[in-house]
Amino acid sequence: DTMLSTTITTPSAFVKPQAPRTRVKARADSTMAPPTTRVPPRNPEGAPTVVPQDLPSRPRRNRRSPTVRKAFRETILTPDNFIYPIFVHEGDENIPIGSMPGQDRLSFKNGMIKQVREARAAGVNQVVVFPKTPDNLKTACGKEAFNPNGLAQRSISLLKDTFPDLEVYTDVALDPYNTMGHDGMVRSDGVVMNDETVYYLCQQAVSQARAGADVISPSDMMDGRVGAIRQALDDEGFTNVAIMSYTAKYNSAYYGPFRDALASAPRPGSEDWKIPKDKAEYQMDPANYRECLREAALDEQEGADIMMVKPAGAYLDIIRALRDSTTLPISAYQVSGEYSMLKAAAAAGYLNE
């Protein structure tokens, strides 16, 4: 997965029709130029000889060379813009993630630090931590999420101890810790409980901040969680810890490989305890565009510092909509399914990595 935040700029005015010009003839005399070794370019055989168009403005002049194109580039993407997702587990060895070629569950003790050091060498100094919780620690309420000595908390602390200037983002949701595989607690009738879940998400966020997290990232899509987390962090003195809200997180099959990595997919229910087969009850409907504006307005009002669109590639219109509706930074999450499709296409020779 690749997550990035970038700025898109739009011209502030339309282009007016070009007005006629007063023409002044100037003598073209090649002897008036200084001597040069440059060879004049040649036209291809058969090219017509034409009178130049009367164009005072030619946009191609600002695209004529790599140097000029770089100088005038409006949207710039560098390693500084990337946030590197890392999957960690308790073992001593890295474990390949079958559905995400080239990605591993990193050993908390060994592989994590090595991988982050390599990312920093490439200019990426931001990571987001996703823990693979052992099955024996999962419960229906997901209380392992705020265990002060949990895998996520220890990973955050170790990263900050090793790389003090590393910007560490965290994931706030209950699905990695929940036996039912949902971002919130599930009632027996299959309803995902909102306010009770938010109560635990606040405890999770505070525990991550205590471990050293720089940015809390609630991915759960519960109503009101940004404001509640902001209040909980402030009450504990973490006023400088930022919130990157998953503002427009759409219900998607693109998340499949990620759920493989953390073993966090929804579990089958039973007659006694119904479990929703997907997350449509709280994640956004892919058919809805305007709804993202409502979510964005609420998140900004509740104290979000950054707003995210997820998945990225299929929702460029949503990225644009949020960019136009707020002055907050917008991040976009290239999710596991998008990554795996690109890798599969490259493996088949359809793309050149």
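What counts, and at which threshold
- Residues numbered from 1 in each chain as written.
- Predicted model: local features only at pLDDT ≥ 70, side-chain atom pairs only at ≥ 80, totals over all residues.
- Heavy atoms only, no water.
- Helix = DSSP H or I, 4+ residues; strand = E, 2+ residues; numbered from the N terminus.
- Rg over C-alpha atoms; globule rule 2.2 N^0.38 Å.
- Buried < 20%, exposed > 50% of the residue type's maximum accessible area, 1.4 Å probe, protein only.
- Contact = heavy atoms within 4.5 Å.
- Areas by Shrake-Rupley, 256 points an atom, 1.4 Å probe, with all protein chains shown as cover.
- Lys, Arg positive; Asp, Glu negative; His and termini not counted.
- Charge placed at Lys NZ, Arg CZ, Asp CG, Glu CD.
- Phe/Tyr/Trp six-rings, centres within 6.5 Å; stacked < 30°, edge-to-face > 60°.
- Disulfide = S-S within 2.5 Å.
- Axes fitted to C-alpha atoms, helices over the stretch in contact; angles between N-to-C directions.
- Parallel < 35°, antiparallel > 145°, perpendicular 65-115°, else oblique.
- Left-handed = near helix turned anticlockwise from the far one by under 90°.
- Nonpolar A, V, L, I, M, F, W, Y, C, P; charged D, E, K, R; others polar.

A. Quick peek at the overall build of the protein. Looking only at helices and strands, the protein has nine helices and 10 strands in total. Whereas a compact globule of 353 residues would reach a radius of gyration of roughly 20 Å, the protein reaches 26 Å, over 25% beyond that. Principal-axis analysis of the C-alpha atoms places the extent of the protein at approximately 90 × 45 × 45 Å. Burial analysis of the protein (353 residues in total) assigns 44% to the buried set. For the protein, the share of sequence-separated contacts (at least 6 apart) that also reach a separation of at least 24 residues comes to 75%. Only carbon and sulfur atoms are counted for the fraction: they give 53% of the accessible area of the protein, which is about 19900 Å². Positive and negative side-chain charges in the protein, numbering 41 and 44 respectively, have mean positions lying 13 Å apart.

B. Highlighting the packing of aromatic side chains. Summed over all chains, the structure comprises five aromatic pairs. Ring centres 5.0 Å apart and planes at 50° place the aromatic pair F146 and Y200 in the tilted group. Residue F146 is located in the loop between β5 (126-131) and α3 (151-162), and its partner Y200 is located in helix α4 (residues 194-211); the two are separated by 54 residues in the primary sequence. When the centroid spacing of 5.9 Å and the interplanar angle of 45° are considered together, the rings of Y199 and Y200 count as tilted. Owing to a relative accessible area of 56%, Y199 belongs among the exposed residues under this scheme. Classification of Y200 by relative accessible area gives buried; the value is 14%. Every member of this aromatic cluster is reached through a ring pair, and the members are F146, Y199 and Y200.

C. A look at the environment of I216. With respect to the helices, strands and loops of the structure, I216 is situated in strand β7 (residues 215-218). Residues I216 and G349, 133 residues apart in the sequence, show an inter-C-alpha distance of 39 Å. If sequence neighbours within four positions are ignored, I216 has contacts with T170, V172, A205, Q208, A209, I229, L233, V241, A242, I243 and M244.

D. Structural context of the state of the cysteines. Counted according to the given criterion, the structure contains zero disulfides. Not part of a disulfide, C141 finds its nearest cysteine sulfur in C202, a span of 16 Å. For C141, a relative accessible area of 30% gives the class partly exposed.

E. Representation of the packing of helix α7 (residues 291-302) against helix α8 (residues 316-325). Contact geometry for α7 and α8: axes closest at 10 Å, N-to-C directions at 45°. Relative to α8, α7 is oriented oblique. For α7 against α8, the interelement crossing comes out right-handed. Here C292, L293 and A296 of α7 lie close against α8, whose contacting residues are I318, A321, L322 and S325. Per-class residue counts for the contact of α7 with α8 are six nonpolar, one polar and no charged.

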